[in-house]
Amino acid sequence: MPFLRYDRTLGVAAMENRGFYYPVDTAIHQNGRIYGLNRSHEGDTRGVRVCILDLESKFYGVFGSIGESDGQFTWAASIAVSNAGKVYVGDEYLERISIFDENGIFESKWGDSGVGPGQLNGPCGLSFDIDSNLYISDHRNNRVQKFTDDGEYILSFGEEGHLDGQFNLPWGLTVATDGDIYVADWRNDRIQRFTPEGDFVRKYGSPGNGDGEFHRPASVAVDTEGYIYVADWGNERVQVLDPDGGFVTKIRGDATISPWAQQFLDANVDESELRSNSNLETAVNIRGDSEHEMSSHIEHLFWAPISVKLDNTGRLYVTDRNRHRIQVYKRN
């Protein structure tokens, strides 16, 4: 029996209002709401926003927009929900953390650009521990920093390099239930694990495209049993490792039409007819065996899976960036 079973697809491509446009991260609230963080792209910044929905595709609105004022984003990179139910968004251009209530009402912000203790240079991963402290993957400073939820600096660990405990552009991170921190060490093609105090524990993976190997891992999640889920971004897949780092399984994507996409097709008969007459499962004009080429041609596959998150039931949410959606899986 497969370790993971496909459950559903959420979202639809949309530059404004309901939907996603180049989403980069997902957060799940204790009340079941799902927050999709849309970065958009420089050619059309209308898509910058957070879209709120739930597992049944009920829509709760959007918040945020392009800009530098309170409640706005420029290069939105990460999103997390605090133990108190507040929504935190990291912006790697503005070098700040913005805080919202569960409905997206702006409350406060903190962060200072720089290389000193407590300063930020590309906050690209956010995760809270059981004591409400926030760990931040400080991307361009090649370190992880720990703050209180109101921005008071506690500690940092890591430096640029390829040795144990060093980083090369770390991206996503997560705090496991035992308190250890797992970091997607992006350019070093590995996952690293640390104690809450920042002491190196072990590393998982190596460069490559084989089982248990990574190419630019962007995000990591750990379930209550210690299984490790990795968004293997450069290999266009998600991999699962066991608690000892052994390879368990990999998935390439199984998307179906989401409820929002079906509503769009029902309202646009001509486009629905063109779609029904198209073969979306056959790879055509593909040069070689490139996983990227396969993903760009075959609709159900992941195309730039950039974030993995788990909810409190163990469901896995994969942010499928270039297809503007979230694919959801369950454990068997």
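See above for the structure.
As a starting point, this report considers the structure included with it. Each chain has its residues counted from 1, following the order in which its sequence is written. Where local features are concerned, this predicted model is filtered to residues with pLDDT of at least 70; where side-chain atom pairs are given and counted, the filter is 80 or more; whole-chain, interface and lining totals use all residues. Values shown for side chains rest on all heavy atoms present in the structure; no hydrogens or waters enter the calculation.

1. A closer look at the overall build of the protein chain
The number of helices and strands found in the protein chain is 3 helices and 24 strands. Its C-alpha atoms give the protein chain a radius of gyration of 19 Å, within 12% of the compact-globule value 20 Å for 332 residues. Relative accessibility decides the category of a residue: with a 1.4 Å probe and only protein chains considered, values under 20% of the type maximum give buried, values over 50% give exposed, and everything between is partly exposed. The buried share among the 332 residues of the protein chain stands at 55%. The long-range fraction of contacts in the protein chain, counting pairs at least 24 apart against all pairs at least 6 apart in sequence, stands at 48%. Here a strand is any run of E in DSSP of at least two residues, a helix any run of H or I of at least four, and the numbering for each starts at the N terminus. Based on C-alpha atoms, the radius of gyration is set beside the globule rule, defined as 2.2 Å times the residue count to the power 0.38. Contacts: residue pairs with any heavy atoms within 4.5 Å of one another.

2. Examining the packing of helix 1 (residues 259-267) against helix 2 (residues 269-276)
Put simply, helix 1 and helix 2 touch, their axes get as near as 5 Å, and they point 110° apart. By the angle between their axes, helix 1 is roughly perpendicular relative to helix 2. Two secondary-structure elements touch here, helix 1 through F264, L265, D266 and A267 and helix 2 through V269, E271, S272 and R275. Considering only residue class, the contact of helix 1 with helix 2 consists of 4 nonpolar, 1 polar and 3 charged. Here the axes come from fitting lines to C-alpha atoms, over the contacting stretch only for helices, and the angles between their N-to-C directions go from 0 to 180 degrees. Between 65 and 115 degrees an angle is taken as roughly perpendicular, under 35 as roughly parallel, over 145 as roughly antiparallel, and anywhere else as oblique. Three residue categories are used. Nonpolar comprises Ala, Val, Leu, Ile, Met, Phe, Trp, Tyr, Cys and Pro, charged comprises Asp, Glu, Lys and Arg, and polar comprises the others, including Gly.

3. Regarding the nonpolar core
Here, nonpolar core refers to any group of buried Ala, Val, Leu, Ile, Met, Phe, Trp, Tyr and Cys residues whose side-chain atoms link them within 4.5 Å. Within the largest apolar cluster, 22 residues are counted, with the highest numbers of intra-cluster contacts made by Y35, L37, V50, F63, F73, I79 and V87. When contributions to this core are tallied by element, the ones reaching two or more residues are strand 2 (23-28), strand 3 (34-38), strand 4 (49-53), strand 6 (76-81) and strand 7 (87-91). Those residues in contact with V87 that lie beyond four places of it in its chain are Y35, F63, I79, A80, V81, S98, I99, F100, D101 and E102. Grouped together as the second largest cluster of nonpolar side chains are 14 residues, F3, L4, A221 and Y329 included.

4. Remarks on unusual backbone geometry
A positive phi angle, near 50°, is found at Y22, a position not held by glycine. Residue placement: Y22 occurs in the loop between strand 1 (4-10) and strand 2. The backbone of S132 shows a phi angle near 70°, a positive value even though the residue is not glycine. In this structure, S132 sits in the loop between strand 10 (123-128) and strand 11 (134-138).

5. A closer look at the sheet that holds strand 13 (residues 153-157)
Taken in spatial order, the 4 strands make up an open sheet running 10-11-12-13, and their pairing is antiparallel. Two strands close off the open sheet at either side, each with one partner strand: strand 10 and strand 13. Recorded for the sheet is a direction-independent mean angle of 20° between the axes of neighbouring strands. Inspection of the sheet shows strand 10 paired to strand 11 by 4 bridges, in the antiparallel sense. Bridging across to strand 11, S127 finds its partner in Y135. Pairing between strands is defined by DSSP: at least two bridges between the two strands are required.

6. Focus on the environment of A27
The topology assignment puts A27 in strand 2. The exposure class assigned to A27 is buried, which follows from its relative accessible area of 4%. Distance in space between the C-alpha atoms of A27 and V87 is 8.4 Å, their sequence separation being 60 residues. When neighbours within four sequence positions are excluded, A27 is seen to be in contact with R33, I34, Y35, I79, A80 and V81.

7. Some points on helix 1
It helps to recall that an α-helix has 3.6 residues per turn; residues three or four apart then point in one direction. When we look at burial in helix 1, the residues that qualify are W260, A261 and L265. On an axial view of helix 1, the arc spanned by its buried residues comes to 140°, and they lie on one face. Exposed side of helix 1, more than 90 degrees from the buried face: D266 and A267 are the residues found there. The inward-facing, buried residues of helix 1 contact strand 4, strand 5 (59-63) and helix 2. The arc in question is the one spanned by the directions pointing from the helix axis to the C-beta atoms.

8. Section: the pairing of strand 18 (residues 219-222)
Of the two faces of strand 18, both are covered, the one formed by S219 and A221 as well as the one formed by V220 and V222. Alignment of strand 18 against strand 19 (residues 228-232), held across 4 bridges, turns out to be antiparallel. The partner of A221 across the bridge, within strand 19, is Y229.

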